[in-house]
Structure formats: structure tokens, C-alpha cells
Amino acid sequence: MEDHSVCSTEVPAVSKDSFRETSLSGHESHVPRFYHMNRIINFLCFSCEVLEAIENVIEDVVKSLAQKKAPVLTLANRSGWRNIEFKDSVGLQMIPHCTTKQIRSDCPRSAPKFALMLKILSMIYKMVQTNTYATKRDIYYSDTLLFGSQSVVDNVINDISCMLKIPRRSLHILSTTKGFVAGSLSYTEEDGTKVNCTCGATAVTVPSNVQGIKNLISHAKFMLIVEKDATFQRLLDDDFCNKLSPCIMITGRGVPDLNTRLLVRKLWDTFQIPIFTLMDADPHGVEIMCIYKYGSVSMSFEAHHLTVPSIKWLGLLPSDLERLNIRKDVLIPFTKQDQNKLASIQKRPYIACQPMWKKELEIMAASKLKAEIQVLTSLSSDYLSRVYLPNKLQFGGWL
């Protein structure tokens, strides 16, 4: 018998039913008596699906140990384009029969990750049982020595979500929200808190449990996704949400977190209003816009919940720089990293179906110059909210 690094002593047979019966003891006491019966039923039904998926994994591990074999977890390969396909209506999604990798318990390189996956699976199981939630940061700080870094926890959670084919939010794991929303929007959070995002000097933090919000009301004519917090705040100060027509503004403050992307998708599903993006005219801004519109390789297994392919590129367009006679001295030369990023974007499958985008990227590549939205202040301090955006929205200056 080959020597394995995991315990291969005899393990008594364990069924899923006995595993759940043992683990669910006392579960009923965690459900408050005042819950509506239908809420309890819905919670229990969906929770059972999640619990069963985890139990299937644990059962396979136990069977392997009983057979004196080293347990293995099989994961889809989320790191490359080979497992990705592009569809206009969805964006980047994982192919049905994708290549996989094995996380072996008897391999020195993968055994630590195997152990971490089981650890987090046990934490998820307990949270689903008790209908409690934790952020990724909570999980990391529950044992920093074990996990090592926040990025390790993030990666393991995404692998588990992909392996179980269950959205991360359904695993009772919440992301720490960094995005803001403002404008003509009100909703009720899962705990009954009423939120009014009416545009003012301050914005509302994107909810940490987007799935749980309800009673969404808006009179917005469009939604504007703003790349940077500074630009978002300036538009708030200028009362942009109310000056032109009612709208909803959202910012992910750079690369958007999961909750911001989920909220954009939920607002699109609910209101079906036009969505525009306001990004810097540089490869990084284009990349962020593509994440909102088409998704990312690493989260392609959740594309149907995260992408909004109808999103339009409003600005800042590379062609706008010449059209508006922006001075060259306020533009920024490309770095080598910018050139590589732009070349990578130009090769992506969704660019082929966006000829106007392709043309804009060619203008950017030829000039080797980039611009932040703030360059518009070289024309006038309020040019963005007073002239640029109203004209773009009125005359259809989007792609």
C-alpha cells in the first residue's frame, strides 16, 4: 500500500443521512418563532440543497479514507481562457465540460489547500444550518495563522462556490462592500430596514446582501456607473442626479467588488433602464467597464448573475480627447504595463463584436496617451456635469 500523508486508518461507513442528522441537532432553536411559515419553508428547502452539496463532498472524502485512498477534490480551472466561451447575451462564461485540476490530500503542495477547503466548508455548513452570515474578512480573522492571508481565503471561497455550483452569497458568505449608490432609488433590506438613496451630498453604501433587498422603487431614466469615487462625489456635489433627469449613480471605486456587480445586475433586471459607464480613457478604465459588461475569467462560473451585456460606453472616449481639443500637456504617456494591458484587451473575444470599441482602442493605442476624467476640468471646473454628460446623453454619444 502506498504511503499517503493523510490518515488511512479504518473509518466506519457514514451515510449522508446520519451525517446530517448528527450535524443538524439543535438547528430548530436557531430559527426565531416569529418567522413567517413560508420564510421558514423557503429557507429550509434551499438550505437543504446547499447542505446536501457539501455532504456529497464530505461523503466522497470519507469513502476514500474507508478504502485507504487519499481523498481528492476536483476543481474547475478558473485561471485561463481555455475554459471560457463568449456569448453576446451573457458575456464570459465557463464552458460545460471544462478542464479541471485536482487538490490532493497526499501531495505536499496541495495538501494545505485541501485542508483549508475542508475547514471553510465546515464553517459554511454551520452558517447555513444556523442561518447566519460572515464576510470573507470575518473568516480570515477567525484564524489568521491558519489562512495566512486574505487572498488565500478569497481564492478558496471562489473555488468552493465553483465546485459546488452554488453562488457565493448562497453559501452565507458576504463580501465587504466598498461601492456606493445614489439617486432615484429606495429599497428594503432583508432585516426590514428601509433605505432611501435620494441624491444628496452623501451616498449610500451598496448593501452587503444584495440578494435580500426587496421593494425596489425608482423613477430613474438611466443608470450611470462611475469608475472613481472622486468623480462620483463631484457629480453628487453638482446634484447631477436631479439636474438632467432622475437617474441612479453607482461606483465600485475602481475594480468593482462582487456586491456592486450584483447590485448593477439586480437593478437592470428590475428596471430595464439604459446603463452607461463613465471611465478614464485608459486601459485600466476599459478593463473595469468590461468587467461590468462581460464579466471576468475568474468569476465566469457566475456570469448569469453578474454581467450586464447591454451596458454602453458613454465616456471618456479616446476620440473625445481630440474632439474636445484637450491639451496634450494634461494627457499621460503610456507605460509598458498600459501597452500590455491594452494589447491583451484588444485580443479578447468580445472586442470583435464591438467595431466601435475596437476603433476607440486603436485610437488609444496609436496615441499612446491616456486621460483621467478630471482632464475635463481643463475646459471648465463643472464641464463634466454641465456640458459633457448632458450633451452625451441628449445626443446619443455612447457606444
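Because the structure is a prediction, the values reported are computed rather than measured.

Procedures and definitions
- Residues numbered from 1 in each chain as written.
- Predicted model: local features only at pLDDT ≥ 70, side-chain atom pairs only at ≥ 80, totals over all residues.
- Heavy atoms only, no water.
- Salt bridge = Lys/Arg side-chain N within 4 Å of Asp/Glu carboxyl O.
- Helix = DSSP H or I, 4+ residues; strand = E, 2+ residues; numbered from the N terminus.
- Buried < 20%, exposed > 50% of the residue type's maximum accessible area, 1.4 Å probe, protein only.
- Pairing = 2+ DSSP bridges.
- Axes fitted to C-alpha atoms, helices over the stretch in contact; angles between N-to-C directions.
- 1 Å grid on protein atoms, 1.4 Å probe; cavity = no way out; pocket = protein on both sides within 12 Å on 5 of 7 lines; lining within 4 Å.
- Points joined across faces, edges and corners; volume = space filled by probe spheres on them.
- Nonpolar A, V, L, I, M, F, W, Y, C, P; charged D, E, K, R; others polar.
- Expected span 1.5 Å × (residues − 1).
- Polar contact = N/O pair within 3.5 Å; in protein donor to acceptor, adjacent residues only side chain to side chain.

Asker: Would you mind going over the pattern of salt bridges with me for this structure?
Answerer: Should their charged atoms come close, side chains of opposite charge can pair. Scanning the model with the defined rule gives 16 salt bridges in all. Between K113 and D159 there is a salt bridge, and its shortest N-O distance comes to 2.5 Å. With K113 in helix α3 (residues 111-130) and D159 in helix α6 (residues 150-164), this residue pair connects regions lying 46 residues apart in the sequence. Neither residue differs from the other here; K113 and D159 are each classed as buried. A salt bridge links E287 to K341, with the nearest nitrogen and oxygen atoms 2.6 Å apart. Residue E287 is located in helix α10 (residues 283-294), and its partner K341 is located in helix α13 (residues 336-346); the two are separated by 54 residues in the primary sequence. Owing to a relative accessible area of 14%, E287 belongs among the buried residues under this scheme. A cluster of three or more residues bridged by salt bridges with shared partners is formed by R78, K113 and D159.

Asker: So what exactly am I meant to see when it comes to the sheet that holds strand β11 (residues 214-217) here?
Answerer: Read from one edge of the open sheet, three strands run β9-β8-β11, paired in antiparallel fashion. Edge positions in the sheet fall to β9 (194-196) and β11, since each of these pairs with one other strand and no more. Adjacent strand axes in the sheet meet at a mean angle of 10°, parallel and antiparallel pairs treated alike. The sheet contact formed by strand β8 (residues 186-188) and β9 spans three bridges and is antiparallel. Opposite T188, over in β9, you have K194 as the bridge partner.

Asker: For this particular structure, what's the right way to read empty space enclosed by the protein?
Answerer: It is a probe the size of a water molecule, rolled over the atoms, that shows where empty space is left. Inspection of the entire model under this criterion finds one cavity of 30 Å³ or more. Reported here for the largest cavity is a volume of approximately 60 Å³. Lining the largest cavity we find R168, R169, I173, L174, S175, S208, N209, V210, Q211, L258, N259 and L262. For the lining of the largest cavity, the secondary-structure elements that each account for two or more residues are β6 (173-174) and α9 (258-271). Considering only residue class, the lining of the largest cavity consists of five nonpolar, five polar and two charged.

Asker: How should I be thinking about α9 in this particular structure?
Answerer: Side chains of residues three or four places apart in an α-helix project in the same direction, reflecting 3.6 residues per turn. Over its 14 residues, α9 runs 20 Å from end to end, which matches the ideal 20 Å to within 8%, given 1.5 Å per residue. If you check which residues of α9 are buried, you get L258, N259, T260, R261, L262, L263, V264, R265 and L267. With a side-chain oxygen positioned 3.0 Å from the backbone nitrogen of N259, the residue opening α9 is D257. In the stretch just after α9, Q272 is the one whose phi turns positive, near 50°.

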